[in-house]
Structure formats: C-alpha cells, structure tokens
Amino acid sequence: MSLEAKKLHAQRILVSLALICGAGIILRSVDKHYPLQHWLIWHYLGYWLLTAYFVAGCTVVGFSLLKVTLQRTLPLREMLVLGAPLGLLAYFCWAFVAGLFGLYGRLFFAFTPLGLAALGVVPVYQYFSRFLALARRRPTLTLRPIRPWWSWLVHAFGLVGFLFIYFSILSPNNMAYDARWYHLPLAEQYAAAGRVFRFGEGWVMGSYPQLSSFLYLWAFLLPAPVFDRIELAAHLEFAFVIWQAVALPVLVRRLLPRSFRPRPRAVLAWAGLFLFPGIFLYDSSVNLSADHIAALWAIPIYLALLRAWPTLGWRESLVFAAFLSGAMLTKYTAAMVAIPGAVAYVCRACWLLGTRGRKVGPILASAGTLLGGGLIFTSAHWLKNWLWYGDPLFPQLHSRLTLTPWAPDAIVPYNFDIAVPWHAARTLEGLKDTLRVTATFAFKHHDWPDLHGEAPVFGFLFTVTVLVLPFLGRRVALWGIFLAGHLGVMLWCNISWQDRYLQVLVPWMAAAVATVIALVWQLGAVPRLAMSALLLVQVFWGSDVYFFNTHRIIGSPLKASIDLINTGRLKQYKERFEVFGYLGAVADALPKDAVVLFRESRQTFGLRVRRVTDRPGTQGLLYYTRYRSPADLHAELQKLGVTHVLWGQPEGIDTVGNDLVFHDFVTRFIKNKQMINGLSLGALPKQLPPSKPFGQKVAYIGCPGAYAPGLYPLQQITVSVFDPKPNYPRPEIAYQPGTPVQNVVAGADYIAWERGCHPNLGGDLRMFETFGQRGNLTLMRRR
C-alpha cells in the first residue's frame, strides 16, 4: 500500500470515529431530557422487524406452494406477488389447525414464520439458483431508459400517500369501531385461551370469516403490553397494503398489450392506489378492520384467472380456487371480487366446452378441482360453523335450519341491528337502483350521514375512464377488469352499499385506471395534457380528505398520533402505553383464566381474557326470560364457563323483561362486587343458595308510546326495541292514573316505574325494593 493510500485509509477511519463521537455526544446530551430507553422509535423498529419476519415466512412458503402446484415458474415479480397471499392462506390453515389443538403460545409466535419458511426453502432455493445462473449468462452491459422527470412526481405522490397512512397508524387509538367490536376481540380471546373454541352463547361475530383476525392473532401472541400487540397488528395490515401497491404494476403489465412500449413505466402504477382518496378516510382507512386484507386477494384472483384462462388447466384452477377462498375467508363482502372471478371462469369453461375439438373430461376435471379446492380451503369456516352451530353461514340460515343456539328472541335484533338491510331492494325497482348506482356510485355519498356529509370521496376515475375505453382498441383483459369491477359494484349494491366495502375492489379499479393512463399517454401530447388535467382534478379534489375529522371514536387519527408523539416531551412514558383505560382497569382486576359475561356491550376489546356476550342479536342463547329460576340461569352460565360478570346500568337495547331478570340475578347472587370506571364487576359463585324462581308478573307503569300501564306476564314484556313494527300486548289488568295502584301491583313480582309520567302512584310499595334503573324506568322487585 502506498503512502497516499495509507493516509486516505487513516483519514476515513478518523473521520468515521469523529462522526460516531459526535453522535455519542448528542445522545448523551439529550438522554437527560428524553431517555433513550423511552424513545418510541425502538418500538416501531421492532414492529417492522417482526412484520418483515412474518411476511417473509408467508412469501417463502407461498412462493414454494405456487411453484410446486403449477410445476413451472412464472416471472419473478408475479411469483412474489402471488406468493405472499398464498402464504397468508397457508398460515391461516396452519393457525386454525394449531388452534384446534390448543397450540397457541410463545412457541407458536416465535417459530410459525420460521416453520413456514422452512417448508418452502428448497423450491425457493432451486428457483433462485436457476434465476441467478441465467442472470450471469446475460450481457453485463444494459442501457436502462432514462426516466422522465414527471415519473419522479408519480413516485413522490405515492410515497406521500403511504406516509399519510403510516402516520395515522402510529397510535393504536386509530382502530375502527368494527375492529374494536370483533376483529381484534377474536384475536385477543383466542390468544388468551391458547386455542380456537366454540362460542357457547352463539356469538355471531365468532362465526364470521376470520382470516384477518387470525393474522392479528399472531400479533396478540407477542409477549408484550396491549399497545405493542395492537401496533404490531396494524403494521401487519399496513405491510399487506404495501403488497397491494407492489402487485399493481404486475397486473398492469398483464393488462397492457405485449407490443406496448415503454413497458417499464408500468411500475408507476403502484401509486394508482392513492387515486382513490377514500383510503385516507374513516372508515375506509387502514384501521385494523378486514377490508384491506380482503382487498389483498383482488389482484391475485385476476392474475390467476388470466393464467388459467387459455385452457383452464387443473393446476391453474387449484391456484385460482386458493385465492377465491382466501377472499371469502376474510369477509363475506369479498364476494365482490370472488363472484366476478368465478363467473368469468364458468363462462370460459362453457365456451371451451362449446368449442369443437375440446375434450370435455379435462375441463370438467378442472371445474371439479376449482369447486373441490374451494370447499376444502374454506372448510375452516363453513364446516366449523356447521359442526358447532348447525349452520355453515351461522346464523344467516336460521329460517331454514335448526341452529344451536338460536332463541326466537334473537331474530328481530339480528335482522334489524346486525344484518341491517342496507342495500338495494330485491325487486324490479331495486334492479333499476342497482344499475343507476353502478353508474353513479363515485359521485354520491354512501356512508353514515354523521361522517363526512354529502361529499363523494371514494374516487371518480374508474367511472369516468370508461368513456375512453372504446377508443383504445380491443383489449380483452382490460375490458374484462372493467367489467369485473362494475359487476363487483353491482354486488356491492346488493350486499351493503357503504363506501368502505368498496375497498376490496380498489386494486382492480386502480389497475384498470393505471392501464388506461398508460395507453393514453402513448397517444401524444394533446391526450397527455387532457389526461393530466383529469388526474389533477381528482388529486386536488381528494387532497384534503386525509384531514377530515370523522373517526367515530377519536375524531382525528392525525391528532391521536401527534398526541402520542408528544408524550415524550411531557415525560408521560408510562401513560402513553395505557390503551383503553376504560376496560384496562377491569382487566387488571381479573385473573388470567377468567371468563367474563359482559352485559350488552359490543366493545369488549381490552379485557385480555375470554368473554361471553349477551347483547341481543349478536348471540343466540342468553335471553333471560327463558330461564325460570336463578338455578337454571346459573347452570347455563357455568356451562359457558363464566367466572365473572361485568355490567353497568341497562342501556335500553334489551327487552324490559330480560333486564329485570338479569339485574335481579346479579344484584342477589354475584359475589365480591366492586365498582370500576362505572361498571360493576363480581364473581359468579360456584353454587347458589336455595332460592325461589324468578318472578313471573310485571307491573309496567310507564309513559305512553310503549306498553300500556298495567300488569303483564314476564314473558310478554319482551318486545325488542329493534322491531320496526312492534306489536305491544295488552295488559292483564290495566292501570289508569288516579285509580288505586294496588289493583296492579298486588299480583306483581316486579315493577317497572317511570316517575316522570307517574310521579305519585299512591298505595303501599313497601313490599318492593329498587334494584336497578333502565333509563327513566325504575326497576323494583318484591322483597
């Protein structure tokens, strides 16, 4: 080494040491203001490492399954794009089986991604060995086309979109209402129990498709506080949203004609995801619901359909079945991408069968593979429901099958509170509405009226670019994706026409729009200017959507993230991780093996233990007027494994009769009661003392508009508040103000008294005691 080289080498070392010393001086100086161990960045780096570990495991095993199934290799981009979703399906199948055997725990968390990767490492190694060998044989000197200046604007646009989304998920409070209701509670309960289990009360949400909840389950097995578990789950969802963007250019390349040049510009299509600004807005945003995990399957479904299209080979059909199944295992509303794909497959099969010279046997075998594969892949949903609840789609076939459990009292609240008929009418007029909305959905508001008002925010380009299609030539694949997208919108009209459910179609729409942009761009300067104007109109219109203050629970996710970051300045190092203090204090008071009956509440997330719900319509068992005695109810709760009961004042969503029986039971028999954040918590005794049956007569003395004042059998005070056409019974003995109340209460076991309308009943009520309050109704029982 020459002297000059030695000097240069020493200079590099000294400069590096000086810079490291400078970093050390800064860190030592700021440590006293904001200790390094409390920096939030370490948590988020950990989430990213764990997310990369999980996604890598899924990608490797999915890549391998794809290669083994097809017995051939696809282009590398396509293998990767299809591999991750297929690996996620493999993870779901493994997690479900492991849950049946009670294998959840730290070992499952630590080794599941590693095990998935180990299963696929050999085929992946063989693929990349050949890939690298071929790459070495290619000429080393290749001239890449110069990227035009405007391409960097496209990349910047997409990057800003992802930064917007990521900043909103920094706070766990960004979770959507439905995520708190059942997506995360499912994961939390399975993790707490260490297994998959049957919800004995027939919890409806526990029978819905659960692939996204099983994804979040892995995060909830992390041995860390709830804050970290939620954030890891959010990062997993965010990673698969990134995967959708990565998949967009791959699909656009397939939609563009082979003669199209320059094809490399298809890579810009990844930013097309953000031409649909609804993704920034609650409740279509990335917020730990299942919509964006459902959207993950859209592009693989279309790519797999294109691969199967020429001959409908059985191998390609099996892969196609896997992606259709993955969609349906995530959400029922994913039918918006699954059904168009299946319809296209059936149409192609019929075409091939009608073509002379085609053998019928192979095509029917492929169709059988599609059907059989779909049934097997989705059996973790429909077969489990059938065996556990008597209905493969529990409880949607309650009018045709015998469900277990499913009380008649559950029908009205389920139909009008849970399965809300928010869709086009199933009539000829409804068909007209469907066709009209399919053409105009982008220009009208379809959401809860208290969110973002009347402004359309979903995105217009999928609808308006249809005007360009006739002038772009015969592009079968492109016309196909536009047709599939509009069929998906028609299905949306007939499932639930809320804007957030359209997110499952966004990857198709974004790919279609990006392909049209690419084809128009090559037509010359004037079409480019016109297309630029159209894009700017969409971008400018949607540029403020991110800042809408519409989150149903926290108002602004943006502010929630800012407040979280600000805890460092305020030195609130412990408080920043206290998520959902409302139920966190209750969780701290419960033993780890507790099973809690939480009265009426939808929002049970944060209890960190198994729970049983009795909210009407969300379950099929616990309707309390069905139980004749405390002993009967006690036996039912013990059968469900209940160890503790948590309740507040009645919300008025259950029937008066159910409230009377429940509160009579808990105020008499629940032990060790304590008040925590306005809720009563107590232990269910192992045995009940001898007690009389529940009362059977109710003196209802309330305001006009519901039951007429008088004496009723308990079984008749059960009209649901969700019944759109309530049929209130007549009392056995009517009560008229000013007449002696003793005529009514003499035979009553309970009194429901609304003092506002009947301030002075008169008579002797000393034989009754107050034991609860239901809104303005005072609940009393005979001593």
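Residues numbered from 1 in each chain as written. Predicted model: local features only at pLDDT ≥ 70, side-chain atom pairs only at ≥ 80, totals over all residues. Heavy atoms only, no water.

## Some details on the nonpolar core
For the record, the criterion: Buried Ala, Val, Leu, Ile, Met, Phe, Trp, Tyr and Cys residues that are joined via side-chain atoms within 4.5 Å together make up what is termed a nonpolar core. For the exposure calls, accessible area comes from a 1.4 Å probe over protein chains only, and a residue counts as buried if that area is under 20% of its type's maximum, exposed if over 50%, partly exposed in between. By definition, any uninterrupted DSSP run of H or I lasting at least four residues is a helix, any uninterrupted run of E lasting at least two residues is a strand, and each is numbered from the N terminus. Contacts between residues were defined by any pair of non-hydrogen atoms, one from each residue, lying within 4.5 Å.
With 189 residues, the main nonpolar core has Leu88, Tyr91, Tyr104, Phe441, Ile481 and Trp492 as its most contacted residues. By residue number, the principal contributor to this core is helix α8 (residues 226–255), which donates 19 residues. Sequence-distant contacts of Phe441, that is, excluding residues within four places in its chain, are made with His446, Phe458, Phe462, Thr463, Val489, Trp492, Leu502 and Met509.

## As for the pattern of salt bridges
Rules: Salt bridges are defined by distance alone: a side-chain nitrogen of Lys or Arg within 4 Å of a carboxyl oxygen of Asp or Glu.
Applying the stated criterion across every chain yields a total of 23 salt bridges. Between Arg611 and Glu188 there is a salt bridge; the shortest N-O distance is 2.6 Å. Separated by 423 residues along the polypeptide, Arg611 in strand β2 (residues 610–613) and Glu188 in helix α6 (residues 177–193) bring together distant segments of the chain. Each member of the pair, Arg611 as well as Glu188, is classed as buried. Salt-bridge contacts for Asp659 lead to Arg599; the nearest nitrogen and oxygen are separated by 2.6 Å. Of this pair, Asp659 sits in helix α24 (residues 656–669) while Arg599 sits in the loop between β1 (595–598) and β2, placing them 60 residues apart in sequence. Of the residues examined, Arg599 reaches a relative accessible area of 3% and is grouped as buried.

## Things to note about the side chain of Thr625
If you trace the backbone, Thr625 turns up in the loop between β2 and α23 (630–639). The exposure class assigned to Thr625 is buried, which follows from its relative accessible area of 3%. Non-local contacts of Thr625, meaning those with residues more than four positions away in its chain, are made with Asp409, Gly657, Asn658, Val661, Leu714, Gln715 and Thr718.

## A closer look at helix α19 (residues 506–521)
Our working rule: In this analysis, the expected span of each helix is defined as 1.5 Å times one less than the number of residues it contains.
The end-to-end C-alpha distance of α19, which contains 16 residues, comes to 22 Å, matching closely the 22 Å that a straight helix rising 1.5 Å per residue would cover. Taken across its 16 residues, α19 has 16 buried, putting it largely inside the fold.

## Notes on the sheet that holds strand β4 (residues 671–676)
The strands making up a sheet associate through hydrogen bonds between their backbones, and the pairing can be parallel or antiparallel. To keep things clear, this is the line we draw: Two strands are counted as paired when DSSP detects at least two bridges linking them. Helix axes are fitted to C-alpha atoms over the stretch in contact, other axes to C-alpha atoms as well, and angles between N-to-C directions run from 0 to 180 degrees.
With mixed pairing, the five strands of this open sheet are ordered in space as β2-β1-β3-β5-β4. In this open sheet, the two strands that pair with only one neighbour each are β2 and β4. With direction set aside, neighbouring strand axes in the sheet form an average angle of 25 degrees. In the sheet, β4 pairs with strand β5 (residues 679–683) via four bridges, with the strands oriented antiparallel. By the bridge assignment, Lys671 is partnered in β5 with Ala683.

## Concerning the packing of helix α18 (residues 476–495) against α19
Spelled out, the test is: Two helices cross in a left-handed way if the nearer one is turned anticlockwise from the farther one by less than a right angle. They cross in a right-handed way if the turn is clockwise. For this scheme, ten residues count as nonpolar: Ala, Val, Leu, Ile, Met, Phe, Trp, Tyr, Cys and Pro. Four count as charged, namely Asp, Glu, Lys and Arg, and the remainder, Gly too, count as polar.
The interhelical angle for the contact between α18 and α19, taken along N-to-C directions, is 145 degrees, at an axis separation of 9 Å. α19 is crossed by α18, and the crossing has left-handed handedness. Judged by residue contacts, Leu478, Ile481, Phe482, Ala484, Gly485 and Val489 of α18 engage Trp508, Met509, Ala511, Ala512, Thr515, Val516 and Leu519 from α19. Of the residues that constitute the contact of α18 with α19, the class distribution is 11 nonpolar, two polar and no charged.

## Comments concerning a nonpolar patch on the surface
What counts here: Two distance rules govern patches: like charges are joined within 9 Å, and nonpolar side chains (Val, Leu, Ile, Met, Phe, Trp, Tyr) within 5 Å, applied only to residues with over 30% relative accessible area and no salt bridge. The Shrake-Rupley method, run with a 1.4 Å probe sphere, supplies the accessible areas, and residue values consider only the shown protein chains as cover.
A cluster of nonpolar side chains, Trp94, Val97, Leu100, Phe101 and Leu103, forms an exposed patch at the surface whose accessible area comes to about 500 Å². For Val97, the location among the structural elements is in helix α3 (residues 76–100). Judged by its relative accessible area of 39%, Val97 is partly exposed.

## Considerations on unusual backbone geometry
Residue Pro395 is reached from Phe394 by a cis peptide bond, and omega for that bond is -5 degrees. Mapping Pro395 onto the fold places it in the loop between α14 (379–389) and α15 (411–418). Residue Pro405 is reached from Thr404 by a cis peptide bond, and omega for that bond is -5 degrees. Located in the positive-phi region is Lys571, a residue other than glycine, with phi close to 60 degrees.

## Quick notes on the packing of α19 against helix α20 (residues 525–542)
The cut-off we apply is this: Here is the rule for angles: anything less than 35 degrees is roughly parallel, anything more than 145 is roughly antiparallel, 65 through 115 is roughly perpendicular, and the remaining ranges are oblique.
One way to put it is that α19 packs onto α20 with a least axis distance of 8 Å and a crossing angle of 150 degrees. Relative to α20, the element α19 lies roughly antiparallel. Between α19, through Val516, Ile517, Val520 and Trp521, and α20, the contact on the second element is made entirely by Pro527, Arg528, Met531, Ser532 and Leu535. Within the contact of α19 with α20, the residues separate by chemical class into seven nonpolar, one polar and one charged.

## Examining the sheet that holds strand β10 (residues 768–774)
Taken together, six strands build an open sheet; the order of strands is β8-β7-β6-β9-β11-β10 and the sheet is mixed. The open sheet has two edge strands with one neighbour each: β8 (733–734) and β10. The pairing of strand β7 (residues 710–713) with β8 spans two bridges and is classified as antiparallel. Across the sheet, Gly710 pairs through a bridge with Ala734, a residue of β8.

## Looking at the state of the cysteines
Condition: Criterion for a disulfide: a pair of cysteine sulfur atoms within 2.5 Å.
One pass over the full model with this rule turns up one disulfide. Across the disulfide from Cys703 sits Cys757; the S-S distance is 1.8 Å. Every disulfide takes its handedness from the sign of the S-S torsion; for Cys703 and Cys757 that torsion is 100 degrees, giving right-handed. With Cys703 in the loop between β6 (697–701) and β7 and Cys757 in the loop between β9 (750–754) and β10, the pair connects residues that are 54 residues apart, well separated along the chain. Sulfur of Cys350: no disulfide; nearest cysteine sulfur belongs to Cys347 and is 6.5 Å away.

## What about the packing of aromatic side chains?
What counts here: Note on aromatic pairs: the rings of Phe, Tyr and Trp (six-membered ring only in Trp) are paired at centre separations within 6.5 Å, and the planes decide the class, stacked below 30 degrees, edge-to-face beyond 60, tilted for the rest. Put simply, a charge is over a ring when the Lys NZ or the Arg CZ is close to the ring centre, within 6 Å, and near the line of the ring normal, within 35 degrees.
Going through the model one piece at a time under the given rule, you end up with 60 aromatic pairs. With a centroid separation of 6.0 Å and an interplanar angle of 70 degrees, the aromatic rings of Tyr302 and Trp508 are classed as edge-to-face. With Tyr302 in helix α10 (residues 298–308) and Trp508 in helix α19, this residue pair connects regions lying 206 residues apart in the sequence. Relative accessible area serves as the criterion here: at 1%, Trp508 is assigned to the buried category. Members of the aromatic cluster, each reached through a chain of ring pairs, are Trp48, Phe162, Phe164, Tyr166, Phe238, Trp270, Phe274, Phe280, Tyr546 and Phe547. Here the guanidinium or amino end of Arg602 rests over the ring plane of Trp181, the centre of that ring lying 4.3 Å away. One cation-aromatic arrangement involves Arg626 over Tyr627; the distance from NZ or CZ to the ring centre is 5.6 Å.

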